[in-house]
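What the coordinates show
Listed here are the chains, written in short residue letters.
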Amino acid sequence: MRLFRLTAATLFRRKTWVVCAFVVGVLPFIFTQISSGTENAALWKPALAQATWAMALLCSIFWGFFTAAKQGESNAKSGLGEYFLTTGVSAGRQLFEMWAAIFSFLVPLPLISAAICVLAASPSQAAERTMWLATNFQYAVLFLVVMAPLVALACAVASRLGSITGFLTSSGLAIYGLYGVGYLKLLGKTGDSALAKWLWTSSPHYHFADPTERLRYKLGAIAWDKFPLLLAYFGGILLVYAALSRLLFRARATA
Amino acid sequence: MNPRALMIPSVLAVTGVALWSYGARKLAADGDFDFRPNPLGLKQSPYGQVIALAVQGGIDSDWHGVESAAGKEHYCADCGHNHGDGDDACKPKEISDPDSLLGRLETAVTERTNPQPATAGHKFYLRRQVEDRLKLAYDLDPSNYANYNAYHLFLTEPSVGTRPVITDKVIGLAHTTVTYCLKEDNDPRPALTAASATANILELMFIHKEGFTIEQMKGQLEMLDYTLSKHRVLTSRWKESGDLERISEARRIEMEDRSSFVTKVRDAAAKTIERLSGTSTQISSKTF
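This is a predicted model, so every value here is computed, not measured. Throughout, residues of each chain are indexed from 1 in the direction in which the sequence is written. Following the order in which they are written, the chains are lettered starting with A and the ligands numbered starting with 1. In view of the model being predicted, local features appear only for residues whose pLDDT reaches at least 70, and side-chain atom pairs are presented and counted only at 80 or more, with totals across whole chains, interfaces and linings using the full set of residues.

Moving on, we come to the overall build of chain A. For chain A, the helix and strand inventory stands at twelve helices and zero strands. The helix and strand labels rest on DSSP assignments: H or I over at least four residues marks a helix, E over at least two residues marks a strand, and numbering proceeds from the N terminus. Secondary structure elements in chain A, listed N-terminal to C-terminal, are α-α-α-α-α-α-α-α-α-α-α-α. In terms of overall dimensions, chain A is globule-like: its C-alpha atoms have a radius of gyration of 20 Å, near the 18 Å expected for 255 residues. To sort residues by exposure, count the other C-beta atoms lying within 10 Å of each residue's C-beta; 20 or more gives buried, 12 or fewer gives exposed, and values between give partly exposed, all with C-beta atoms placed from the backbone. Relative to its 255 residues, chain A shows a buried fraction of 48%. Contact definition: two residues whose C-beta atoms, as placed from backbone geometry, lie within 7 Å. Of the contacts formed within chain A by residues at least 6 apart in sequence, a portion of 79% connects residues at least 24 apart. For a compact globule the rule gives 2.2 Å times the number of residues to the power 0.38, and the radius of gyration it is set against comes from C-alpha atoms.

The next thing to look at is the overall build of chain B. A tally of regular secondary structure across chain B gives nine helices and zero strands. Taken from the N to the C terminus, the helices and strands of chain B come in the order α-α-α-α-α-α-α-α-α. A buried classification covers 30% of the 288 residues belonging to chain B. Expressed as a percentage of contacts within chain B between residues at least 6 apart in sequence, the contacts between residues at least 24 apart total 59%.

The next point concerns the nonpolar core. Buried Ala, Val, Leu, Ile, Met, Phe, Trp, Tyr and Cys residues form a nonpolar core when they are connected through C-beta atoms within 7 Å. A:Phe65, A:Leu95, A:Leu150, A:Val151, A:Ala152, A:Ala154 and A:Cys155 are the most contacted members of the largest nonpolar core, which totals 83 residues. Leaving out residues up to four positions away in the same chain, A:Leu95 has contacts with A:Ala152, A:Cys155, A:Ala156, A:Ser245, A:Arg246 and A:Phe249.

Another aspect to go through is the confidence of the model for chain B. Residue and element names in this part refer to chain B. For chain B, mean pLDDT is 80; residues scoring 70 or higher make up 83% of the total. pLDDT expresses how confident the predictor is about each individual residue, on a scale running from 0 to 100. Averaged pLDDT values for the elements of chain B fall to 76 in helix H2 (residues 46-68) and rise to 91 in helix H7 (residues 189-207). Considering only residues more than four positions removed or in separate chains, one finds that residues 281-288, a stretch of pLDDT under 50, has 13 contacts. For this predicted complex, the interface score ipTM comes out at 0.79, while the overall pTM is 0.81.

Here we take up the interface of chain B and chain A. Chain B puts 34 residues into the contact, and the matching count from chain A is 37 residues. Of all the elements in the fold, those that place two or more residues in the side of chain B that touches chain A are helix H1 (3-29) and H2 of chain B. By residue number, the principal contributor to the side of chain B that touches chain A is H1(B), which donates 16 residues. Each residue gets one label: Ala, Val, Leu, Ile, Met, Phe, Trp, Tyr, Cys and Pro are nonpolar, Asp, Glu, Lys and Arg are charged, and the others, such as Gly, are polar. Among the residues making up the side of chain B that touches chain A, the classes are represented as 21 nonpolar, eight polar and five charged.

All right, on to the packing of helix H2 (residues 16-25) of chain A against helix H4 (residues 44-77) of chain A then. All names here are of chain A. The convention used is that axes are lines fitted to C-alpha atoms, helices contributing only their stretch in contact, and that angles between N-to-C directions extend from 0 to 180 degrees. At their nearest, the axes of H2 and H4 sit 8 Å apart, and the two run at 160 degrees to each other. In terms of axis orientation, H2 runs roughly antiparallel to H4. Like other packed secondary-structure pairs, H2 and H4 cross with a definite hand, here right-handed. Judged by residue contacts, Thr-16, Cys-20, Val-23 and Val-24 of H2 engage Thr-52, Met-55, Ala-56, Cys-59 and Trp-63 from H4. Broken down by class, the residue content of the contact of H2 with H4 amounts to seven nonpolar, two polar and no charged. Angle categories: roughly parallel below 35 degrees, roughly antiparallel above 145, roughly perpendicular from 65 to 115, and oblique for all the rest. Two helices that cross are described as forming a left-handed crossing if the nearer one is turned anticlockwise from the farther one by less than a right angle, and a right-handed crossing if clockwise.

A separate point is the environment of A:Ser163. All names here are of chain A. With respect to the helices and strands, the residue Ser-163 is situated in helix H9 (residues 163-188). Sequence separation of Ser-163 and Met-55 is 108 residues, and the distance between their C-alpha atoms is 23 Å. Those residues within four positions of Ser-163 in sequence are excluded, and the remaining contacts are Ala-69, Lys-70, Glu-73 and Ala-158.

This part is about the packing of H2(A) against helix H7 (residues 108-120) of chain A. The relative placement of two packed helices is expressed as an angle between their axes plus a distance between the axes. Residues and elements named next belong to chain A. Contact geometry for H2 and H7: axes closest at 9 Å, N-to-C directions at 25 degrees. Taken together, the axes of H2 and H7 lie roughly parallel to each other. Regarding H2 and H7, the two cross each other, and that crossing is right-handed. Taking contact as the criterion, the partners of Cys-20, Val-24 and Gly-25 in H2 are, on H7, Leu-109, Ile-112, Ser-113 and Ile-116. Of the residues that constitute the contact of H2 with H7, the class distribution is five nonpolar, two polar and no charged.

Bringing unusual backbone geometry into the picture now. Even without a glycine there, the phi angle at B:Leu40 is positive, about 55 degrees. Summarising the element assignment, B:Leu40 is placed in the loop between H1 and H2.

Helix length check: H1(B), at 27 residues, gives a terminal C-alpha distance of 38 Å against a target of 39 Å (1.5 Å per residue), a fit within 8%. For H1(B), every residue scored as buried is listed here: B:Pro9, B:Leu12, B:Gly16, B:Leu19, B:Trp20, B:Gly23 and B:Ala24. The inward-facing, buried residues of H1(B) contact helix H10 (194-202) and helix H12 (227-248) of chain A. Backbone geometry just downstream of H1(B) places B:Gly31 in the positive-phi region, at approximately 80 degrees. How far a helix is expected to stretch is found by multiplying one less than its residue total by 1.5 Å.

Below, the discussion takes up the environment of B:Leu244. Residue and element names in this part refer to chain B. Along the chain, Leu-244 falls in the loop between helix H8 (214-241) and helix H9 (249-279). Look at Leu-244 and you get partly exposed, because 18 C-beta atoms sit within 10 Å. The spatial distance from the C-alpha of Leu-244 to the C-alpha of Pro-188 is 9.4 Å, given a sequence separation of 56 residues. Discounting chain neighbours no more than four positions away, the residues touching Leu-244 are Trp-238, Lys-239 and Arg-252.

Turning our attention to the environment of A:Thr212. Looking at the secondary structure, you find A:Thr212 in helix H11 (residues 212-216). The buried category is assigned to A:Thr212, around which 23 C-beta atoms lie within 10 Å. A:Thr212 has contacts with A:Gln50, A:Trp53, A:Ala54, B:Leu40 and B:Gly41, leaving out every residue within four places of it along the chain.

Structure (C-alpha cells):
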C-alpha cells in the first residue's frame, strides 16, 4: 500500500482538505445568517441542514474530483506509475490505492454533514429525531456510494486524457445526474420519443442521493424496504464505472 | 491488457449493467424517477426566500429598462432615460456620490444614449425577460407577497404579460399559492400572501361571474377570512414571543400596509357578494 500512503500523505501535506472541512463544518453556520432563518427562527435549523449537505456535495464535486483527476494525471505523467509498475504494483492496483487515498479524504464530508444535522439541527420532537438520525445515516451511505466510482473515473480518465477532461467527466456526470436529468425530462417531453425515454431512464439519477429537500421538509427516512433497491441501483452504477475506470486507467503516459 | 486482466472489468461491467437496469426499471415503474429539479434545493428554501428578495431589485431595473424604452421622446434629466409622457415613472437614481469617480462611471454606463425608440418587438422581449424573472422569483419563494402578486399581474394583464393564460390556470396558481402559504405556522407574512391570492380568485370570479355560483364565492370569502385570521393569530404569537422584533421596521410597516389593504379588499368583496346574491347578475363586477 505504498502508493496509498504516498497519495494520502501528499494530499494531507497539500492542506486543501482544510478548506473543505471549513466549508462543510463551519460555513453552513455563517450561511444561516444570510437565510430567512434570521427573520423566522423556525427556519434556522432547516437552513443549516440544507447548507451543510449542499456544501458536502459541492466540495466532493469540485475538490474531490479535481484532486482525483490531478493525481491520476501526475501518476501517469511524472513516471511514478511506471516506477510502481517496475516494483510489481499493477495498474489496477495503482488505481485502487490512489482511489482509496482520495476517497478517505471524502468520507468525512458526509459524516460531518450528518453530525451537524444531528447535533445542531435535530427536530425537537423525539419521534422525528429518530427519523432524522436514520435519514442522515441513509444519505451519508448513498452519498459515498455515488461519489466513490466518480472519484475512480476522474482519476482514470485523467490518466489517459489529462486532468481537465477527468475532472469535467466526473463533475459533469454528477451535475447531470443531480439536476440535468430533471431538466431533460422537462425539455424532452419524453413520452413522445423512445430514444429520449431510454436516454432518460438509463441516465444516472443521482438526485436520489441528494438529501437537501427531504431533510428540509422533514419527509422522514427512506422506507427501509426501498433502501436496498437504491443501494442496488447505485451499486450497479458503481460497478459499471469501476469497470470503465479500470479499462481507461493507465499507469504511464505512453501506453 | 491481456485477456485475463480483461475478465475482471467485464464481470464487473456485466453485473453493474444488470443491477443498474434492474434498479432503473423498478424505480421508473414506481414513478420515483419523476422529480422537480431544484439545484442545491434552493427553491422554496430559507435561502430561496432571500434570493427571491434580491431578484426583486433586478426586476425593478429591468422594468425601468422597459419603461425607458417607450416611444415618445422625453428624456429624463435625472437618469437620461426616455420615459415618454410619464414623468412619474422615473425616480431619480440613487447614486450615493454623483461627483465621485464611481458615481460618474455609473452614470456613464447606465444612461441611455440611443435616440431611437425601442421597437414593439424589443419591448415585448424586455417584458418577457421581466416575466421570466418574476416566475423565477415566484418559484424561489411562492409565499412572497410581492413576487406572487407581480407574477399574477403579468399573467392576467395582457398589456404587460407576454404569455396570456386562461383564467383557470391563474386560479390554479392562486390555489397552489394558498396551499403552500398556509403550511407556514410561524411567519405571519405567508398568510397575507394566501389572503391576497384568495382575493385574486374572488376578483376573477366576479369578472367571470357567469361561470361561478354565489356559494363558490362565499366559500372563497370564508377562505379569505380564514387566511386573515391566521395572519392575525400568527402576528400576535410573534409579538408575544418577541420574534416580531427580528424583522426590520420597514418590513413590519410593509406587512401592516398589506394587511390593511387586503382587509379593505375583503370588505369590498363581501359587499359585492351581498349585492350579487341580492340582485343577481345585474351588478357590474366594477363594484369590486
